[in-house]
Amino acid sequence: MTTDTEASTAEKPWPVRTVARKIGDWIHRLGAVWVEGQVTQVSSRPNTQTAFLTLRDPSADVSMSVTCPNWLIREMEPPLREGASVVVHAKPSYFFGRGTISLRADQIRAVGIGELLARIERLKKLLAAEGLFSAQRKRPVPFLPKGVGLITGRASAAERDVLANAQRRWPHVRIKVLNSAVQGSQAVPQVMRALRIFDADPEIDVIVIARGGGSVEDLLPFSDEALCRAVSAAGTPVVSAIGHEPDTPLLDYVADLRCSTPTDAGKRIVPDVREETERVRQMRDRGRRALHGWVDTQTRLLTQIRSRPALADPLGPVQRRQDDVDVHRERARRAMLSLLAKDQAEIANSRARLTALGPAATLARGYAVVQFVDSAGNLQVLRSVSEVEAGAQLRVRVGDGAIGAVAEGEQG
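Quick notes on the rules
Residues numbered from 1 in each chain as written. Predicted model: local features only at pLDDT ≥ 70, side-chain atom pairs only at ≥ 80, totals over all residues. Heavy atoms only, no water. UniProt positions renumbered as here; feature names shortened; annotations may be inferred. Helix = DSSP H or I, 4+ residues; strand = E, 2+ residues; numbered from the N terminus. Buried < 20%, exposed > 50% of the residue type's maximum accessible area, 1.4 Å probe, protein only. Contact = heavy atoms within 4.5 Å. Areas by Shrake-Rupley, 256 points an atom, 1.4 Å probe, with all protein chains shown as cover. Patch = residues over 30% accessible without salt bridge, like charges linked within 9 Å, V, L, I, M, F, W, Y side chains within 5 Å. Salt bridge = Lys/Arg side-chain N within 4 Å of Asp/Glu carboxyl O. Pairing = 2+ DSSP bridges. Axes fitted to C-alpha atoms, helices over the stretch in contact; angles between N-to-C directions. Parallel < 35°, antiparallel > 145°, perpendicular 65-115°, else oblique. Nonpolar A, V, L, I, M, F, W, Y, C, P; charged D, E, K, R; others polar. Core = buried A, V, L, I, M, F, W, Y, C linked by side-chain atoms within 4.5 Å. Phe/Tyr/Trp six-rings, centres within 6.5 Å; stacked < 30°, edge-to-face > 60°. Lys NZ or Arg CZ within 6 Å of the ring centre and 35° of its normal. Polar contact = N/O pair within 3.5 Å; in protein donor to acceptor, adjacent residues only side chain to side chain.

If you check an unreviewed UniProt entry, the protein appears there as Exodeoxyribonuclease 7 large subunit from Amycolatopsis tolypomycina. The record in UniProt for the protein states the following under Subunit (unreviewed entry): "Heterooligomer composed of large and small subunits." Under the UniProt heading Catalytic activity (unreviewed entry), the note attached to the protein is "Exonucleolytic cleavage in either 5'- to 3'- or 3'- to 5'-direction to yield nucleoside 5'-phosphates."

Counting secondary structure elements, the protein contains 12 helices and 14 strands. For the protein, the residues scored as buried account for 31% of the 412 residues in total. For the protein, restricting intrachain contacts to residue pairs at least 6 apart in sequence, the fraction spanning at least 24 positions comes to 60%. Accessible surface, the protein: about 25900 Å² in total, of which carbon and sulfur atoms supply 56%.

A cluster of nonpolar side chains, namely Met336, Leu337, Leu339 and Leu340, defines an oily patch on the protein surface of about 360 Å² accessible area. Following the sequence through the fold, Leu340 ends up in helix α11 (residues 315-357).

With that settled, the discussion passes to the sheet that holds strand β6 (residues 148-152). With parallel pairing, the five strands of this open sheet are ordered in space as β7-β6-β8-β9-β10. Edge positions in the sheet fall to β7 (175-179) and β10 (257-258), since each of these pairs with one other strand and no more. Relative to β10, strand β9 (residues 238-242) runs parallel, the two sharing two bridges. Bridge pairing in β10 links Val239 to Leu257.

What follows covers the pattern of salt bridges. By the definition in use, this model includes 16 salt bridges. A salt bridge links Glu203 to Arg174; the nearest nitrogen and oxygen atoms lie 3.3 Å apart. With a gap of 29 residues between them, Glu203 in the loop between α5 (187-199) and β8 (206-211) and Arg174 in the loop between α4 (157-169) and β7 connect regions that are remote in the sequence. By relative accessible area, Glu203 is classed as partly exposed at 35%. Linking Arg334 and Glu330 is a salt bridge whose minimum nitrogen-to-oxygen distance equals 3.4 Å. In this pair, Arg334 and Glu330 are both assigned in helix α11, four residues apart and thus about one turn of the helix distant. The exposure class of Arg334 is partly exposed, given its relative accessible area of 45%.

Attention now goes to the packing of α5 against helix α6 (residues 225-233). Two packed helices can be described by the angle between their axes and the distance between those axes. Contact geometry of α5 with α6 gives a least axis separation of 10 Å together with a crossing angle of 10°. By the angle between their directions, the pair α5 and α6 is classed as roughly parallel. Contact residues: Val188, Val191, Met192 and Leu195 in α5; Ala226, Leu227, Ala230 and Val231 in α6. Taken together, the residues that form the contact of α5 with α6 break down as eight nonpolar, no polar and no charged.

Now for the nonpolar core. As a rule of thumb, nonpolar side chains are buried together in soluble globular proteins. Within the largest apolar cluster, 27 residues are counted, with the highest numbers of intra-cluster contacts made by Ile151, Ile209 and Val231. Of all elements in the fold, only α3 (113-129), α5, β8, α6, β9 and α7 (250-254) reach the threshold of two or more residues within this core. Counting residues per element, this core draws most heavily on α5, at six residues. Among residues more than four places away in sequence, those in contact with Val231 are Arg137, Arg139, Leu195, Ile209, Val238, Leu251, Val254 and Ala255. Formed by 17 residues, the second largest nonpolar core is a distinct cluster that contains Ile175, Ala210, Ala265 and Ile269.

A few words on the sheet that holds strand β4 (residues 85-95). Reading around the barrel, the five strands line up as β1-β2-β3-β5-β4 and close back on themselves, with mixed pairing between neighbours. Direction aside, the axes of adjacent strands within the sheet are offset by 55° on average. Direction of pairing for β4 relative to strand β5 (residues 100-110): antiparallel, over a ladder of 10 bridges. Note that in β5 the partner of Ala90 across the bridge is Ala105. Contacting β4 and β5, helix α1 (residues 16-28) crosses the sheet at an angle of about 140° to β4.

The description of an aromatic ring pair uses the distance of the two centres, along with the angle that the planes make with each other. Taken as a whole, this structure holds one aromatic pair when the rule is applied. Taken together, a centroid distance of 5.4 Å and an interplanar angle of 35° make the contact between Phe133 and Tyr253 tilted. Taken together, the residues span a long stretch of sequence, with Phe133 in the loop between α3 and β6 and Tyr253 in helix α7 at a distance of 120 residues. The ring of Phe95 is capped by Arg98, whose NZ or CZ atom sits 4.8 Å from the centre of that ring.

Before going further, it helps to examine unusual backbone geometry. A positive phi angle, close to 50°, is found at Ala155, a residue other than glycine. By secondary structure assignment, the location of Ala155 is in the loop between β6 and α4.

If you trace the backbone, Glu159 turns up in helix α4. A polar atom in the side chain of Glu159 sits 3.3 Å from the side chain of Asn179. Once residues within four sequence positions are removed from consideration, Glu159 is found in contact with Leu150, Thr152, Gly153, Arg154, Val177 and Asn179.

Pairing of strand β2 (residues 50-57) with strand β3 (residues 62-69), which is carried by eight bridges, proceeds in the antiparallel orientation. Along β3, the bridge assignment pairs Arg56 with Ser63. Pairing of β3 with β5, which is carried by two bridges, proceeds in the parallel orientation. Looking across to β5, one finds that Thr67 is bridged to Arg104.

Written as structure tokens, this is what we have:
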């Protein structure tokens, strides 16, 4: 038989009671703590001494059982209801027989409206400091989404308002609806689950989270930190349509578009087909008028261009230039002929003078040209007999151009 002081081995294992007792001893040494949570279940029977509660963390799927004296529940004002936020002063307790852990409470305090608003304000400052409310990170909602994801309560007025207004404005809009709890302990996890489903759907271009009006406690899930961070991290634009105009949960600040009511969301996620049709008609008329105005302007411009002399009579300037060319050509021809006639006359005069002065004319009149060779051996024309030396050779050119030599004594 093993003892509690012996080590546990495969050959000498501890029995279940030993393990349970050791766990219980360790848990019972823990001190009392203050725990905050949301009541999801209350069991308080009139003839029993003990009441049972279930506390749940609204931001996570974690819950714990709480036991307390029954009178503690009966004396609470206002009466404790499911969905209420409370702060419990309790000590961890381990039930040896069942092997379970619970909290044994000796004080239960309801979280008042003032405390809730103060906590929401602190969370608002924290998220704002992290930039989750920044306008730069907000994505524009598509002008005409191919698919809309609606997260709202089942058969709620908010669902009817969104569907009716969206389909009235754009009859062919495609809206997928995922119903979830919109208040109480299950609201946050169910809304986050629907948000993940729509965010992963490629046919959804915008997600709408809608809920009707309610008290601060009813709208508390939409100021939950986990939900706000999930909306901020979503890749699809998210539209917040929570409560009435004065209601501003933190989801309104994180969402890409805040609508005052679900009815307003139905009007803003899709365009109005009548307005768009009228806008198309107006733009078509403006385009037609603009085109006609442009055509008229260009027509007037072409008329002005065509009325200019260069285009009104395009061959006239060419004809005038041709006449000028003919005139100048005739002047040039006459000038050239005059110059040629003048030059020909000068040539004729020069030829006549040369002919008159040349020896051929003298010979033609019956005279002879006598040449002799002087003492220097140069050939000279004889002008008088005294120029000829004794014994000189003479050359005679007669009328027919024959040339002969005679001696001095033969001169006639």
